[in-house]
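Working through the structure, step by step
Residue-level listing of the chains:
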Amino acid sequence: MPRSLDTAVAIRADDLSLARNGVRVIDGITLTLDAARSLVVMGPTGSGKSSLASMLAGRPDEGLSVVGGDARVHGISARHPGRSIREWTFHTGYLPQGAGASLPARLTVSEVISEPITARDRRVDARALAVRVATLLDEMELPLGTAPKYPYELSAGMRQRVALARALVLEPRLFVADDLYANLDVEVRQAVRTAITRRRDERGMAAFVVTNDADVPRDLDADVLVLRAGHVVAHGHGTDDLQWTPGGAPDRRLSAG
């Protein structure tokens, strides 16, 4: 029998530990992200934030593996996903760090945004796909004339929005983003915020966002985890009332802005 997705809980990690080439980068993290909720992960460079995001997105960085505990994304085990990895990634939109700078150079913007669909089904209705791309461009406040251009013809902020559109084109149940607002000005940030919160409120999409931008938890009305050296040192709702572990000295920068 086909396995049914867990639609109530997007992510459930139980004592999850990750290692890259034998070096532990996440050590015993437990967290739950329900559908239609947002979680922001913050912390200094080297805390393991990006490694955690890539694993939970189903696109682990090279050499990264589960070495303790487990995480279930849509009910699929990160330790033993098997053939379900395709279903996992279908339902998870991923915006990796530096996504705007690493778009496929030989594809047009329209092809870049469409690729998650065309890679799975080359018989897709071309007209319907063009409408979907145009809708996403408009949502990201990009002119329709952007569609036939190539990434190198765009500014850094425009490329970031193209990467966002690509991550959302399959209308995912879970959106994982690393450095969500990279290269975006204030006006465009509002459009991105609206795109995420609308999908959360209308379709139950969960959002897992890695950032050190104190505006993001407020924008997404998100719970917050703070990592240091692969450990959770604080948690709470937003950054104003974080509960710190005994060994985790409060970081004033997290409530700045």
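Residues numbered from 1 in each chain as written. Predicted model: local features only at pLDDT ≥ 70, side-chain atom pairs only at ≥ 80, totals over all residues. Heavy atoms only, no water.

As a further point, take the overall build of the chain. Looking only at helices and strands, the chain has 7 helices and 11 strands in total. Its C-alpha atoms give the chain a radius of gyration of 18 Å, within 12% of the compact-globule value 18 Å for 257 residues. Its C-alpha atoms give the chain principal-axis dimensions of about 55 × 50 × 35 Å. Burial analysis of the chain (257 residues in total) assigns 49% to the buried set. Look at the contacts in the chain between residues 6 or more apart in sequence, and 64% of them connect residues 24 or more apart. (Helix = DSSP H or I, 4+ residues; strand = E, 2+ residues; numbered from the N terminus. Rg over C-alpha atoms; globule rule 2.2 N^0.38 Å. Buried < 20%, exposed > 50% of the residue type's maximum accessible area, 1.4 Å probe, protein only. Contact = heavy atoms within 4.5 Å.)

What follows deals with the sheet that holds strand 8 (residues 206-210). Spatial ordering of the open sheet is given by 6-7-8-3-9-10-11, a layout of 7 strands whose pairing is mixed. Each edge of the open sheet is held by one strand with a lone partner, namely strand 6 (92-95) and strand 11 (243-244). In this structure, strand 3 (residues 38-42) lies alongside strand 9 (residues 223-228), joined through 4 bridges in parallel fashion. Looking at strand 9, one finds that M42 is bridged to V226. Across the sheet, helix 5 (residues 156-168) is in contact with strand 6 and strand 7 (174-178); its angle to strand 6 comes to roughly 165°. (Pairing = 2+ DSSP bridges. Axes fitted to C-alpha atoms, helices over the stretch in contact; angles between N-to-C directions.)

Another aspect to go through is helix 3 (residues 109-118). Three or more residues of helix 3 are buried, namely V109, V112, I113, S114, P116 and I117. Buried residues along helix 3 sit in contact with helix 4 (126-139) and helix 5.

Moving on, we get to helix 6 (residues 186-203). For helix 6, with 18 residues, the first-to-last C-alpha span of 26 Å sits near the 26 Å given by 1.5 Å per residue. Taken together, the buried positions of helix 6 are V188, A191, V192, A195, I196, T197, R199 and R200. Its buried side turned inward, helix 6 meets strand 3, helix 4, helix 5, strand 7, strand 8 and helix 7 (215-220). Of the residues flanking the end of helix 6, it is G204, one or two places downstream, whose phi is positive at about 80°. (Expected span 1.5 Å × (residues − 1).)

For residues other than glycine, phi is negative in most cases, and the peptide bonds are mostly trans. Even without glycine at this site, N21 takes up a positive phi of about 50°. Assessed through its relative accessible area of 63%, N21 is described here as exposed. One non-glycine residue, D221, lies in the positive phi region at around 50°. Locating D221 in the fold gives a position in the loop between helix 7 and strand 9. Judged by relative accessible area, which is 45%, D221 ranks as partly exposed.

What follows is about the side chain of E139. Mapped onto the fold, E139 is located in helix 4. Here the side chain of E139 touches R199 through a polar contact of 2.8 Å, side chain to side chain. Apart from residues no more than four positions distant in its own chain, E139 is found in contact with A191, A195, R198 and R199. (Polar contact = N/O pair within 3.5 Å; in protein donor to acceptor, adjacent residues only side chain to side chain.)

The quantities given are spatial measurements derived from coordinates; they are silent on function.
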